[in-house]
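If you want the building blocks of each chain, they are given just below.
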Amino acid sequence: MTATKLDLIPAEKWGLFPDMTKPVVIAGPCSAESEQQIFETARGLKAVGIGILRAGIWKPRTRPNCFEGVGAEGLIWMKRVQRELGMKISTEVANVKHVYEALKAGMDMLWVGARTSANPFAMQEIADALKGTDIPVLVKNPVNPDVELWIGALERLNMAGLKKIGVIHRGFSAYSKSRYRNVPQWQLPIEIKRRFPGMLMICDPSHISGKREYLYEISQQAMDLGFDGLIVESHICPEIALSDAAQQLTPVALEELLKKLVIRKVDSENLRYKENIDELRARIDMIDNELLELLANRMKIADQIGIYKKQNDITILQPGRWDKILEKVFLIGKEKGLDHEFLEKVFKAIHQASIDRQTSVMNRK
Ligand code: PEP
Ligand code: MN
């Protein structure tokens, strides 16, 4: 995969976020339902300091016969919010028709949903339809945890000339039930941040959690990981929301949540902090070097074992031996306060690498 560089305009210059030293917050209902619901929600949000309204006009629903959005009429209600309350307005686009309608209505920002960013054809059509505009577009992660597919969606927009691009992390679909509606898999947005450090990165705790009880913990985790902001579903009366009722919260509850968040800085000029962190990091670096040395030694021994097994016509995989290793690892690991799942991942990876080494030794002519 070729290394990508996106040609981006930093979010500070989009004219949407007046103070980027604070987390950016975009909020509004899952769906626009009525003029009154949109207007009252927006008024409530404005009163607690939110500057950008979100609302779904066309709703991608998993099953048919659910509420699928009010369609273009809702854009008129959002326009009224823009005009009368001076808020910025944003909505989701999933096809070319949505793009035309949303642009015609004068949306300030668009986002692409998780089902759409997973589809390269749809993404390309949207990118083509947006050519020649400079509207900011946020791209949600695809429903499946595929970083390249996510990046592909960003590239398609960028190649169409869009430079005001950001990402929204909304978690990933999973077959099995878990605490959250969508599994966060934080390592994916972290990888995106590593590849595109300057790009706006927003977390959507609403679609990750699926329940308002969990909104705070997800939002705090996003802040701890250095996300630039949040997009949160907020409804003036969540109980009667036509979609995603369980995860929406009132503007007042949103304000409380935001007040509780601890916002962390990326760095500090404090000398004491710098000295201490530098010392700790030096120790971590030393330990990493030792780990590398140990792993290299372990692999050399695996090679020797491979040769020995080959000479004696013995299979590489020895399940009994592997079970014993794992048992011991878990026992000692537990005494040392190491997480079971973590150890399982690490040792499975080491074991696999060792098998691979032995396999190549055995097949060597
Ligand atoms: C939404 O933001 O309303 C939405 C449909 O989200 P997602 O694409 O993340 O499912
Ligand atoms: Mn929703």
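Thresholds, definitions, all that
Residues numbered from 1 in each chain as written. Chains lettered and ligands numbered in written order. Predicted model: local features only at pLDDT ≥ 70, side-chain atom pairs only at ≥ 80, totals over all residues. Heavy atoms only, no water. Near = heavy atom within 4 Å. Polar contact = N/O pair within 3.5 Å; in protein donor to acceptor, adjacent residues only side chain to side chain. Nonpolar A, V, L, I, M, F, W, Y, C, P; charged D, E, K, R; others polar. Pairing = 2+ DSSP bridges. Helix = DSSP H or I, 4+ residues; strand = E, 2+ residues; numbered from the N terminus. Axes fitted to C-alpha atoms, helices over the stretch in contact; angles between N-to-C directions. Domains from an automatic or database assignment. Buried < 20%, exposed > 50% of the residue type's maximum accessible area, 1.4 Å probe, protein only. Right-handed = clockwise from strand over helix to strand, strands pointing away.

Topic: the site of ligand 1
The environment of ligand 1 is made up of R54, K59, E92, W111, G113, A114, R115, K140, R170, H207 and E233. For ligand 1, an oxygen atom lies 2.9 Å from a polar atom in the backbone of A114. Split into classes, the residues belonging to the shell around ligand 1 amount to two nonpolar, two polar and seven charged.

Description of the sheet that holds strand β4 (residues 109-112)
Read around the closed barrel, eight strands run β1-β2-β3-β4-β5-β6-β7-β8, paired in parallel fashion. Within the sheet, the average angular offset between the axes of one strand and its neighbour, ignoring direction, is 25°. As judged from the three bridges shared by strand β3 (residues 88-92) and β4, these two strands associate in the parallel manner. Bridging from a neighbouring strand, E92 pairs with W111 of β4.

So, the domain arrangement of the protein chain
Entries for the protein chain in the domain assignment read domain 1 (11-260) and domain 2 (271-362). Taking only C-alpha atoms into account, the centre of domain 1 sits 41 Å from that of domain 2.

Digging into the pairing of β3
The element β3 is extensively covered by neighbouring structure, given that four of its five residues are classed as buried. For the handedness criterion, the β-α-β arrangement of strand β2 (residues 52-54), helix α2 (residues 73-85) and β3 is classed as right-handed. You can see the chain leave β3, run along helix α3 (residues 96-104) and come back into β4, and the turn it takes is right-handed.

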